[in-house]
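Overview (structure and organization)
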Amino acid sequence: MNETKKVKILFVEDENLLRSLFSDMLGLDTEFQYEISSAANLTDGLKTVESNRPDVVILDLILPLEDGEAAPSQEKGMTFIETVKANPSLKDIPIIVFSNLDDPETKKRAFNLGAESYLVKSESLPQTFLTALKNTLKKSFI
């Protein structure tokens, strides 16, 4: 009997419904056992990456730095990627961008900063999301 691999995932996403839906979907997976944590802003997300060392980060690019901040921007999400990848003890944690932004320049920049994968929310069916996540995890666990 194969033992289910345990995986720590951090969702850095401010939409509660989206976090809940994907958490429920991951709970149905039989290949991996997911321990899911979440952060609704980039500051909490970075603190959680540093303290919990997740196996993968799912990142929305347009998020506030702090709760209640009025002007979230993609630039702050890009800075999150840059900060994680610049830290020698965190740089190997894969980041999957999961964003509404669908322009080639944003995608290119995210990859150049170190994102492992880039999914557009409106185009990503749950199975597409799960496939991208599993492909990323399989690279990490080989």
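The following paragraphs examine the structure supplied in this document. Computed from a prediction, not measured in an experiment: that's the story for all the values here.

**So, the side chain of Thr48**
Topologically, Thr48 is positioned in helix 2 (residues 42-52). When near neighbours in sequence (up to four residues on either side) are disregarded, Thr48 contacts Leu10, Ser37, Arg53 and Pro54.

**Describing the pairing of strand 3 (residues 56-59)**
Here strand 3 shows no split at all, with Val56 and Ile58 on one side and Val57 and Leu59 on the other all buried. Bridge count between strand 1 (residues 5-12) and strand 3: 4 bridges; the pairing is parallel. By the bridge assignment, Val12 is partnered in strand 3 with Leu59. Direction of pairing for strand 3 relative to strand 4 (residues 95-99): parallel, over a ladder of 3 bridges. Of the residues in strand 4, the one forming a bridge with Ile58 is Ile96.

**Points about the pairing of strand 2 (residues 32-39)**
Bridge count between strand 1 and strand 2: 8 bridges; the pairing is parallel. Residue pairing across strands places Lys5 opposite Phe32, the latter belonging to strand 2. Chirality of the crossover, the property in question, places the unit of strand 1, helix 1 (residues 16-27) and strand 2 among those that are right-handed.

**Some details on the sheet that holds strand 4**
Across the sheet, 5 strands lie side by side as 2-1-3-4-5; this open sheet has parallel pairing. Looking at strand neighbours, the two that pair on one side only are strand 2 and strand 5 (117-120), the edges of this open sheet. Strand-to-strand twist in this sheet, taken as the mean axis angle between neighbours without regard to direction, amounts to 20 degrees.

**Description of the environment of Leu90**
As for its position among the elements, Leu90 is in the loop between helix 3 (74-86) and strand 4. Accessibility expressed as a relative area gives 2% for Leu90, which makes it buried. In sequence terms Leu90 and Lys8 are 82 residues apart; their C-alpha atoms lie 14 Å from each other.

**Focus: the side chain of Ser124**
Of note, Ser124 is situated in the loop between strand 5 and helix 5 (126-141). Polar contacts involving the side chain of Ser124 include one to the main-chain carbonyl oxygen of Val120, which spans 2.8 Å.

**Notes on the pattern of salt bridges**
Considering all chains together, one arrives at 9 salt bridges under this definition. One salt bridge connects Lys139 with Glu116, and the closest N-O pair in it is separated by 2.8 Å. Taken as a pair, Lys139 in helix 5 and Glu116 in the loop between helix 4 (104-113) and strand 5 lie far apart in primary sequence, 23 residues in all. With a relative accessible area of 32%, Glu116 lands in the partly exposed category. What emerges from the salt-bridge pattern is a single network uniting Glu13, Glu15, Asp60 and Lys121.

**Observations regarding the environment of Lys8**
Take Lys8: it is sitting in strand 1. Owing to a relative accessible area of 28%, Lys8 belongs among the partly exposed residues under this scheme. The sequence separation of Lys8 and Ala86 amounts to 78 residues, and the corresponding C-alpha distance is 21 Å. Those residues in contact with Lys8 that sit more than four places away from it in its chain are Glu35, Asn52, Arg53, Pro54, Asp55 and Val56.

Cut-offs used in this document
Residues numbered from 1 in each chain as written. Predicted model: local features only at pLDDT ≥ 70, side-chain atom pairs only at ≥ 80, totals over all residues. Heavy atoms only, no water. Helix = DSSP H or I, 4+ residues; strand = E, 2+ residues; numbered from the N terminus. Contact = heavy atoms within 4.5 Å. Buried < 20%, exposed > 50% of the residue type's maximum accessible area, 1.4 Å probe, protein only. Pairing = 2+ DSSP bridges. Right-handed = clockwise from strand over helix to strand, strands pointing away. Axes fitted to C-alpha atoms, helices over the stretch in contact; angles between N-to-C directions. Polar contact = N/O pair within 3.5 Å; in protein donor to acceptor, adjacent residues only side chain to side chain. Salt bridge = Lys/Arg side-chain N within 4 Å of Asp/Glu carboxyl O.

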